[in-house]
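Summary of the model geometry
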Amino acid sequence: MSFVPRMLALTALSLATMASQAASREEAQALLKSALAEVQAKGVEGASSEFSAGGNWNKGTMYVFVADLKANILAHSANAKLVGKNLWEVKDATGKLFVQEQVRQVQAAPQGAVQMRWMNPSTKQIGDAEAVIGRIPGKDAYIGAVWFK
């Protein structure tokens with residue numbers, strides 16, 4: 001196989017792999033629903049330790065996080081180093097205070113979604129992402145499932 005056909009084959013394989021790893025909003029909503037059920041079954045602390053361990057809560061381009069309404073990260077399945085950090089002033093690649101927007105949304109309604117330009121944990125590149133979020137009933141906290149477009 002010559003160089004050009006080999007490169008085309010590798011490119012096609014790479015694109016197919018990326019497409020198979022790409023998440024959808026429906027998958028993120030299903031992950032959010034599962035995460036909320038996990039919190040209801042194990043409590044915020046019990047579920048948060050499981051989320052931060054990754055496993056089924058970190059699905060390539062999709063992950064789960066838990067934050068309180070002051071933007072303190074309680075769990076993060078893609079980056080456990082963020083647990084305990086306050087992200088109130090964190091901006092995305094466009095300068096948007098997306099965490100503040102998440103907090104405002106869950107204070108106004110039990111569910112929402114926030115668009116952002118953020119680091120994709122699989123590619124390590126900035127990409128278009130959406131956090132589908134849901135308030136944890138009876139708690140001053142919420143869960144988000146982030147997926148990359």
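Calculation rules
Residues numbered from 1 in each chain as written. Predicted model: local features only at pLDDT ≥ 70, side-chain atom pairs only at ≥ 80, totals over all residues. Heavy atoms only, no water. Pairing = 2+ DSSP bridges. Helix = DSSP H or I, 4+ residues; strand = E, 2+ residues; numbered from the N terminus. pLDDT = per-residue confidence, 0-100. Contact = heavy atoms within 4.5 Å. Core = buried A, V, L, I, M, F, W, Y, C linked by side-chain atoms within 4.5 Å. Buried < 20%, exposed > 50% of the residue type's maximum accessible area, 1.4 Å probe, protein only.

**Some words on the pairing of strand S4 (residues 111-119)**
Pairing between S4 and strand S5 (residues 126-135): 9 bridges, direction antiparallel. When the sheet's bridge partners are listed, Gln115 is paired in S5 with Glu130. Linkage of S4 to S5, two consecutive antiparallel strands, is achieved through a turn of 6 residues, within which Lys124 is found at a positive phi near 60°.

**Concerning the confidence of the model for the protein**
Across the protein, the average pLDDT comes to 88, with 85% of residues at or above 70. Throughout residues 3-21 the model reports pLDDT below 50, and contacts reaching past four residues in sequence, or to other chains, amount to 2 contacts.

**Comments concerning the nonpolar core**
Judged by nonpolar contacts, the single largest core of 21 residues is most densely connected at Val39, Phe51, Val64, Ile136 and Ile143. Among the secondary structure elements, those contributing two or more residues to this core are helix H2 (25-52), strand S2 (62-68) and strand S6 (141-148). For this core, the leading source of residues is H2, giving 9 residues. Once you skip the residues sitting within four places of it in the chain, Ile136 turns out to touch Leu36, Val39, Val44, Val66, Ala141, Tyr142 and Ile143. Among the nonpolar cores identified, the runner-up in size contains 20 residues, and Phe65, Leu69, Ile73 and Tyr142 belong to it.

**What about the pairing of strand S3 (residues 73-76)?**
For S2 and S3, the ladder comprises 3 bridges, and the chain directions are antiparallel. Bridge pairing in S3 links Phe65 to His76. Connecting S2 to the antiparallel partner S3 that follows it, the hairpin turn spans 4 residues, and Ala71 within it adopts a positive phi of roughly 75°.

**Here's the deal with the environment of Gln111**
Considering the arrangement of structural elements, one finds Gln111 in strand S4. The exposure class assigned to Gln111 is exposed, which follows from its relative accessible area of 55%. Distance from Gln111 to Ile133, taken between C-alpha atoms, is 5.5 Å for residues 22 residues apart in sequence. Excluding anything up to four places from it in sequence, Gln111 contacts Ile133 and Gly134.

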